[in-house]
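Chain by chain, the residues:
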Amino acid sequence: MNILKFIETFTDDSLMRSTGSRRDSFSQFGNIGKTLAYASIPFGLSAMANKALAKDITATPATPIGALQFALTLEYLENEFYAMALDSGVIPASENGGRDLKVFQQIAAHEADHVSFLIAGLGGTMSANFVPKPTFDFTVGGAFDPFGDYPTFLALAQAFEDTGVRAYKGQAGNLITTPDLLTAALQIHSVEARHASEVRRLRGLKGWISNDERGAGMPEATQAVYAGEGVTVQAGYNTATLFGAAAGSEAYDEPLATQQVVDIANLFIV
Amino acid sequence: MKNEVKIHEVDPSLNNRRSFLKLSGLTLVTAGLVLAGCSDNDNDEEMDDTSLPGIRNGVFDLGSGDFGVLTYAYALEQLEADFYTKVVNATSFNATFNDTERQVLTDLYHHEVIHRDFFKAALSGALPDPSSQLLPSLAFNYGALNFNSRTEVLATAKALEDTGVAAYNGAGKLIKSPDYLVLAGKIVSVEARHASAIRSLINPNSKDFAGDDVINTSTGLDVAQDPSKILPIAGGFITTKFTAKYLP
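Residues numbered from 1 in each chain as written. Chains lettered and ligands numbered in written order. Predicted model: local features only at pLDDT ≥ 70, side-chain atom pairs only at ≥ 80, totals over all residues.

Topic: the overall build of chain A
Stage number 1. Of regular secondary structure, chain A possesses 9 helices and 2 strands.
Stage number 2. Within chain A, the fraction of its 270 residues that count as buried is 47%. (Helix = DSSP H or I, 4+ residues; strand = E, 2+ residues; numbered from the N terminus. Buried ≥ 20, exposed ≤ 12 C-beta atoms within 10 Å, placed from the backbone.)

Here's what the structure looks like:
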């Protein structure tokens, strides 16, 4: 039995109806209105967006296996996102000394490795613990154009990497009873952080998160990725005392709970 | 050494022993005398609860378990904080580094000093007797390192940040408390962001931010190392003697 279970699939008929009704609800806004409407929806906080999707993922149990399944689904998302971007040609090959392409080829290679590693860790594709790859829509119903518009691709890449860092951190407690799995998860976690730092620099930002700011040029829809990042008290110690709140919050990345990440991921799962 | 460690029975004399050791920590000579007296009675392995940091055999030992790991992290953060403090206060800091580099190095200075002071505060609050169990402020020596050399400073920063990532990744499994584990997790990803940033400054148009020298090319995993592998590296800069006999 898959512990990461999916909401019961709707019939084709109801799926079409729900998709249709979602489109209808935006038709009155026109294209600009549609974009604005989506932009105002924090990731996953839109009941409408979630309920319209038939195959939303749900929170995995707070167990080591659940944590690995959860991680695998996130890695599926990142892996497919970068593979599609590399296929699409949206990433400039020659600007900045070819930096962007080199960066995303490296990130894509790591995410593919993480998918393979986690599948193996769950016992392979025939294991009862294996979870299949969901179907992703990185355009979120047409609101984003990440494979035709490079800034949009970069913005989503930043959101996915910063989410990944927070998501793995949030699973650490679920792995505390399995030291080897915990170590492996930490070893992926720090790779996601290296990625996040570099993607943020490609976008002209610092590699670390100041307060709970998503950063210049990030769609408001990505704010859920940064909610709660502005913490300046750690175990009773005020990290803002020495150099201010921005530095204090930058020095610590905050975890996201499983459900918070599920809500973010579900925006891209159809 | 570790094999000789026995589980200590809690008994009323433990508190007296700790007080005794606390006083002994004031001077090395006194500590030596106290330890000599201890070995006559009940041997080194029963000297103390080995989970607690403190002076053993005249040298500060990091201890084991959560206090040991936190004290280990405190030692590493002291090193990073001291290094960046010297970097940003070097006489030619403004001339050696461009705007972007100065911003990164100043941010890292802030973050690492915050980490150091955080561990000091957290340990002071959590240790049963911080006056004897809190790791003292360490002294450092960077040898011939030229703090006005961009190349040398960035290369050292890269080594320190990569080492920090490997250290936290390796120490996670030693932590018993979920709260402490999450705290370590909050810090290690920032160390990884730092490592990526320094690597980008050194070799910007490349995949070095998460290079094949640190990320396994078949598993996609970063480095994780036990304290016994990390401390000889960090110890190259640390002149204050301490031991980590009860950490793997």
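On we go from here.
Regarding the interface of chain A and chain B
Stage number 1. At the junction of the two partners, chain A supplies 51 residues and chain B supplies 44 residues.
Stage number 2. Sorting the residues of the side of chain A that touches chain B by element identifies α5 (95-121), α6 (150-171), α7 (179-202) and α8 (245-250) of chain A as the ones contributing at least two each.
Stage number 3. Among the residues forming the side of chain A that touches chain B, the class breakdown is 22 nonpolar, 18 polar and 11 charged. (Contact = placed C-beta atoms within 7 Å. Nonpolar A, V, L, I, M, F, W, Y, C, P; charged D, E, K, R; others polar.)

Here we look at the packing of helix α7 (residues 150-171) of chain B against helix α9 (residues 227-234) of chain B
Residues and elements named next belong to chain B.
Stage number 1. With their axes 9 Å apart at the nearest point, α7 and α9 run at an angle of 155° to one another. Here α7 is positioned roughly antiparallel relative to α9, judged by the angle of their axes. Viewed along their axes, α7 and α9 form a crossing whose handedness is left-handed. Contacts from T163, A166, A167 and A171 of α7 reach α9 at P227, I230, I233 and A234. (Axes fitted to C-alpha atoms, helices over the stretch in contact; angles between N-to-C directions. Parallel < 35°, antiparallel > 145°, perpendicular 65-115°, else oblique. Left-handed = near helix turned anticlockwise from the far one by under 90°.)

Things to note about the sheet that holds strand β3 (residues 242-243) of chain B
Hydrogen bonds along the backbone pair up the strands of a sheet, which may run parallel or antiparallel.
Residue and element names in this part refer to chain B.
Stage number 1. Read from one edge of the open sheet, 3 strands run β1-β2-β3, paired in mixed fashion. In this open sheet, the two edge strands, each paired with only one partner strand, are β1 (54-56) and β3.
Stage number 2. Of the strand pairs in this sheet, β1 and strand β2 (residues 59-61) are connected by 3 bridges, and their pairing is antiparallel. Paired with I55 across the two strands is F60, which belongs to β2. (Pairing = 2+ DSSP bridges.)

These figures come from the coordinates and say nothing about function on their own.
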